[in-house]
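# Observations on the three-dimensional arrangement
The lines below spell out each chain.
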Amino acid sequence: HQFSVFLFRNTKMVKEQIKKLIDEKGAQIGVIGLGYVGLPLIVEFSLKGFPTTGFEVDNKKVQAIKSGISHIVDVPSSDVQKCIDGGKFTATTDFAKLGECDVIIICVPTPLRKTKDPDMSFILAAGGEIKKHMRRGQLVILESTTYPGTTDEVLQPMFEDAGFALDKDFLLAFSPERVDPGNPQFQTHNIPKVVGGVSADSGEVASHLYSQVVENVHLVSSARVAEACKLWENTFRAINIGMANEMAKVCNALGIDSWEVVRAAATKPFGFMAFYPGPGIGGHCIPLDPHYLSWKARQHGFDSQFITLAEQINSGMPKYVSALVRDALNDNERSVKGSKILILGVAYKKDIDDMRESPALSVIDLLRSQGATVVYHDPFVPEVTFDHAYTIGDGEPLYNLELTDELISSSDCVVICTEHTNVDYDKVCELAPLIVDTRNALDKKRREVSNAKIVRL
Ligand code: SAJ
């Protein structure tokens, strides 16, 4: 059998060879990067019966996964255990095992440098490991969000430099991840998957692969179209959130409740999509991805003003919120300096534990730099650290405090930065002297019975 597999792997057209392995659920699938994208993906393939290998540079994650523990909120540990019990799933830091894989999917981070330029180091590192261990007959797919042209300009030449020819020896495609952390309705299997190959064979086989685990696969004509699609989606969000934030400032200036306005606009059954104001945008996608597009556009002499403007507005929201707090305290004849401020919710969005780029960090930093003592309560986040990007507290952690009556009533102001569901807002409304609500966490009924003065974004 091994010989016939060897023979098969070294003679058939790569496209036919990999498709057959996929149809037999014999294709060994490797996923590089076991984070919020890679872990759900490899679990889906493993539960469908494919032999799978997860590749991670972080051995702590590998050990946790090998003992059946998931570090990702959307992946139950029971699913990881099921994969292990299936006997064909493993996780490793040994990238030499990439040579055993028929399919390799890259799910590594694509952050920004301090200069807001793309940081391609993770993609280059993954591509380098693949190149080192490449053999004939592999399909490589990039899922990390990146600028249009990455797959064919960066990865394809890497593999060709190693002496492998596209379509003859390897296939290469791009397929954007669309994971929405904490979204109970949409998980990997029911989120439509866009796929684009750097060649027709590549697109065809990559699309065939994903159709094993995703209900709806949308094949486009090239990897660039798929790369651009992802950036269009996320730039669309960043710009519309920026508009919602600017509209909130306009409404505040006119004494109009912006949340009521958006709710009313959302009754329009066509031609409108509701976005809501907030203390800024967090996560590792929406604040960053549009810069991959504008960076690439600038290389072609095009300056994207929408992306720049949205970034200015969104990144300016923490400052706007800290000014709301300052003015609200002032109305209570208190200065920010010397006040005790309680932040409710520090994660970058509700009901998840992710702190990446969370605007709450900037709100805390701004208030502390004006002399306030700031503490927080967030049921999902046990501790928060501030790196050198913040004015105060480089490396010193803040710890989650229990939401006691004493904590609330002893605060001069409570600032709701994230509207987690499981927080006792009735108690906050009863005991807090002053509340700044940046997420419309307190509905009309609560606001009417509250003892606190409530300021809304
Ligand atoms: N936000 C607002 N107002 C809004 C919507 C969001 O202030 O109306 C804020 C959120 O609080 C958060 C940030 O923007 O801080 C990003 O929120 P998000 O809902 O876009 O969530 P992400 O970044 O976790 O995930 C998004 C995906 N979410 C949705 O489509 C709802 C999706 O855009 C991508 O699949 C994913 O980024 C990604 O990985 O690219």
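All right, on to the layout of surface pockets then. Its boundaries defined by the atoms lining it, the second largest pocket holds a volume of some 1200 Å³. Residue lining of the second largest pocket: 39 residues in total, with Asp-180, Arg-237, Ile-241, Ile-286 and Lys-349 positioned closest to the centre. Counting residues per element, the lining of the second largest pocket draws most heavily on helix α9 (residues 223-253), which supplies six residues. A per-class count over the lining of the second largest pocket returns 20 nonpolar, eight polar and 11 charged.

This part is about the site of the ligand. Taken together, 20 residues lie near the ligand, and Glu-177, Lys-230, Asn-234, Tyr-276 and Tyr-348 sit nearest. Residue Val-179 places a main-chain N or O atom 3.2 Å away from an oxygen atom belonging to the ligand. Lys-349 is positioned with one of its side-chain polar atoms (N or O) 3.1 Å from an oxygen atom of the ligand. In isolation the ligand offers 730 Å² of accessible surface; the protein chains occlude 87% of this area. If you map the ligand onto the pockets, it falls in the second largest pocket. Looking at the shell around the ligand, the element that brings in the most residues is α9, giving four residues. Classifying every residue of the shell around the ligand by side-chain character gives 10 nonpolar, two polar and eight charged.

Time to look at the environment of Ile-392. Mapped onto the elements of the fold, Ile-392 is located in the loop between β11 (383-384) and β12 (398-399). In the structure, Ile-392 is positioned 374 residues away from Ile-18 in sequence and 54 Å away in space, judged by C-alpha atoms. Not counting residues up to four positions away in its chain, the partners in contact with Ile-392 are Asp-365, Arg-368, Ser-369 and Phe-386.

What follows deals with unusual backbone geometry. Unusually for a residue other than glycine, Lys-25 sits at a positive phi of about 55°. Here Lys-25 is to be found in the loop between α2 (14-23) and β1 (29-32). Note on Lys-25: relative accessible area 30%, which makes it partly exposed.

Before going further, it helps to spend a moment on empty space enclosed by the protein. Under the criterion given, the structure shown has two cavities of 30 Å³ or more. In terms of lining residues, the largest cavity is bounded by Val-37, Pro-40, Leu-41, Glu-143, Pro-176, Glu-177, Arg-178, Val-179, Gln-187, Thr-188, Ile-191 and Lys-193. Here the residues of the lining of the largest cavity sort into six nonpolar, two polar and four charged. Estimated volume of the second largest cavity: approximately 60 Å³.

Time to look at the sheet that holds strand β6 (residues 170-174). Spatially, β3-β2-β1-β4-β5-β6-β7-β8 is the arrangement adopted by the eight strands of the open sheet, whose pairing is mixed. The open sheet has two free edges, formed respectively by β3 (89-92) and β8 (217-220), since each of these has just one partner strand. If you compare each strand with its neighbour and ignore which way they point, the axes differ by 20° on average. Direction of pairing for β6 relative to strand β7 (residues 193-197): antiparallel, over a ladder of two bridges.

Next up on the list: the pattern of salt bridges. Using the criterion set out here, one finds 27 salt bridges in the structure. A salt bridge links Lys-82 to Asp-79, with the shortest nitrogen-to-oxygen separation between them at 3.4 Å. Residue Lys-82 and its partner Asp-79 are located together in helix α5 (residues 77-85), separated by three residues, close to a single helical turn. Across the salt bridge formed by Arg-135 and Asp-102, the nearest N and O atoms sit 2.9 Å from each other. Linking Arg-135 in the loop between α6 (121-133) and β5 (138-142) with Asp-102 in the loop between β3 and β4 (103-106), this pair joins segments that are 33 residues apart in sequence. The same class applies to Arg-135 as to Asp-102, namely buried. Shared partners join several salt bridges into a network, and the residues in it are Lys-15, Lys-19, Asp-201 and Glu-204.

Calculation notes
Residues numbered from 1 in each chain as written. Predicted model: local features only at pLDDT ≥ 70, side-chain atom pairs only at ≥ 80, totals over all residues. Heavy atoms only, no water. 1 Å grid on protein atoms, 1.4 Å probe; cavity = no way out; pocket = protein on both sides within 12 Å on 5 of 7 lines; lining within 4 Å. Points joined across faces, edges and corners; volume = space filled by probe spheres on them. Helix = DSSP H or I, 4+ residues; strand = E, 2+ residues; numbered from the N terminus. Nonpolar A, V, L, I, M, F, W, Y, C, P; charged D, E, K, R; others polar. Near = heavy atom within 4 Å. Polar contact = N/O pair within 3.5 Å; in protein donor to acceptor, adjacent residues only side chain to side chain. Areas by Shrake-Rupley, 256 points an atom, 1.4 Å probe, with all protein chains shown as cover. Sits in = over half its atoms within 2 Å of the grid points. Contact = heavy atoms within 4.5 Å. Buried < 20%, exposed > 50% of the residue type's maximum accessible area, 1.4 Å probe, protein only. Pairing = 2+ DSSP bridges. Axes fitted to C-alpha atoms, helices over the stretch in contact; angles between N-to-C directions. Salt bridge = Lys/Arg side-chain N within 4 Å of Asp/Glu carboxyl O.

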